[in-house]
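Overview (structure and organization)
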Amino acid sequence: MPETANDAAAPNAAGPGIGRGPGRLLLSLYGVFTVAALSRAIVQISMQFDQAPLAYLLSLLAGIVYAVITVALWRGGEGARKVALVSCALELAGVLTVGTLTLVDSGAFPDQTVWSDYGMGYLFLPVVVPVTGLLWLRRPARPQQDSGS
């Protein structure tokens, strides 16, 4: 059956679902991280921005990265896989960089970010989840089986 315009816009229509099966757990975690990080950042930026602008902007950046990954996992397909891979790599780089900086110079971050101390405030999930995501997304895509035959 030929693909229609509506099929192309549907989630996971372009290929095997990267947000399905075990990927569903990643999708759920990133959805929760998106809400948590963006909510925290919005409150902090709107109420206390002058106290720790770098920390709060980094939390906002983390929330945006989480949102991009969430949407990519939900959409599926090869393009979304690439976006999610790059985003997970950026997230991991951010966690490792900010985590190291918070240990080396804690005075540079007067308040915690999502990525402070390698995500210790979030049970180290900010460092574990992108590694898991990279492993999941690097696996070879399996061709979608045609269930209509």
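Anyway, here's the lowdown on the structure attached to this text.

This part takes up the overall build of the protein. Within the protein one finds 5 helices and 0 strands. In the protein, the order of α-helices and β-strands from amino to carboxyl end is α-α-α-α-α. Every one of the 149 residues in the protein was classed for burial, and the buried ones make up 38%. Across the protein, every contact between residues at least 6 apart in sequence was considered, and the portion connecting residues at least 24 apart equals 68%. In the structure as shown, the protein presents an accessible area of about 8,400 Å², 67% of it carried by carbon and sulfur atoms.

A few words on helix 2 (residues 23-48). In a regular helix each residue adds 1.5 Å, so 26 residues correspond to 38 Å; helix 2 covers 36 Å between its end C-alpha atoms and thus fits that length. Among all positions in helix 2, only Gly23, Leu26, Leu27, Tyr30, Phe33, Thr34, Ala37, Ala41 and Gln44 are buried. Buried residues belonging to helix 2 abut helix 3 (53-75), helix 4 (77-104) and helix 5 (125-138).

Attention shifts here to the packing of helix 4 against helix 5. Remark: helix 4 packs on helix 5, axes separated minimally by 9 Å, with the N-to-C direction vectors making an angle of 150°. Comparing their axes, helix 5 and helix 4 come out roughly antiparallel. Crossing of helix 4 over helix 5 shows left-handed handedness. Where helix 4 abuts helix 5, its residues Arg81, Ala84, Leu85, Cys88, Ala89, Glu91, Leu92, Val95 and Leu96 lie against Pro126, Val127, Pro130, Val131, Gly133, Leu134, Trp136, Leu137 and Arg138. Grouping the constituent residues of the contact of helix 4 with helix 5 by class yields 14 nonpolar, 1 polar and 3 charged.

Moving on: the packing of aromatic side chains. Inspection of the entire model under this criterion finds 4 aromatic pairs. Judged by centre distance (5.9 Å) and plane angle (45°), the rings of tyrosine 30 and tyrosine 66 are tilted. Of this pair, tyrosine 30 sits in helix 2 while tyrosine 66 sits in helix 3, placing them 36 residues apart in sequence. Taken individually, tyrosine 30 and tyrosine 66 each receive the classification buried, so the pair is uniform in this respect. Residues phenylalanine 33 and tyrosine 122 carry aromatic rings whose centres are separated by 6.5 Å and whose planes lie at 65° to one another, so their mutual orientation is edge-to-face. Placement of the pair is phenylalanine 33 in helix 2 and tyrosine 122 in the loop between helix 4 and helix 5, with a sequence separation of 89 residues. Relative accessible area serves as the criterion here: at 21%, tyrosine 122 is assigned to the partly exposed category. Site record: aromatic cluster; members linked through ring pairs are Tyr30, Phe33, Tyr66 and Tyr122.

Moving on, we come to the pattern of salt bridges. A complete count under the given rule lists 1 salt bridge for this structure. Between arginine 81 and glutamate 78 there is a salt bridge; the shortest N-O distance is 3.1 Å. One end of the pair, arginine 81, and the other, glutamate 78, are both in helix 4, 3 residues apart, so they sit about a helical turn from each other. Since its relative accessible area comes to 39%, glutamate 78 is described here as partly exposed.

What counts as what
Residues numbered from 1 in each chain as written. Predicted model: local features only at pLDDT ≥ 70, side-chain atom pairs only at ≥ 80, totals over all residues. Heavy atoms only, no water. Helix = DSSP H or I, 4+ residues; strand = E, 2+ residues; numbered from the N terminus. Buried < 20%, exposed > 50% of the residue type's maximum accessible area, 1.4 Å probe, protein only. Contact = heavy atoms within 4.5 Å. Areas by Shrake-Rupley, 256 points an atom, 1.4 Å probe, with all protein chains shown as cover. Expected span 1.5 Å × (residues − 1). Axes fitted to C-alpha atoms, helices over the stretch in contact; angles between N-to-C directions. Parallel < 35°, antiparallel > 145°, perpendicular 65-115°, else oblique. Left-handed = near helix turned anticlockwise from the far one by under 90°. Nonpolar A, V, L, I, M, F, W, Y, C, P; charged D, E, K, R; others polar. Phe/Tyr/Trp six-rings, centres within 6.5 Å; stacked < 30°, edge-to-face > 60°. Salt bridge = Lys/Arg side-chain N within 4 Å of Asp/Glu carboxyl O.

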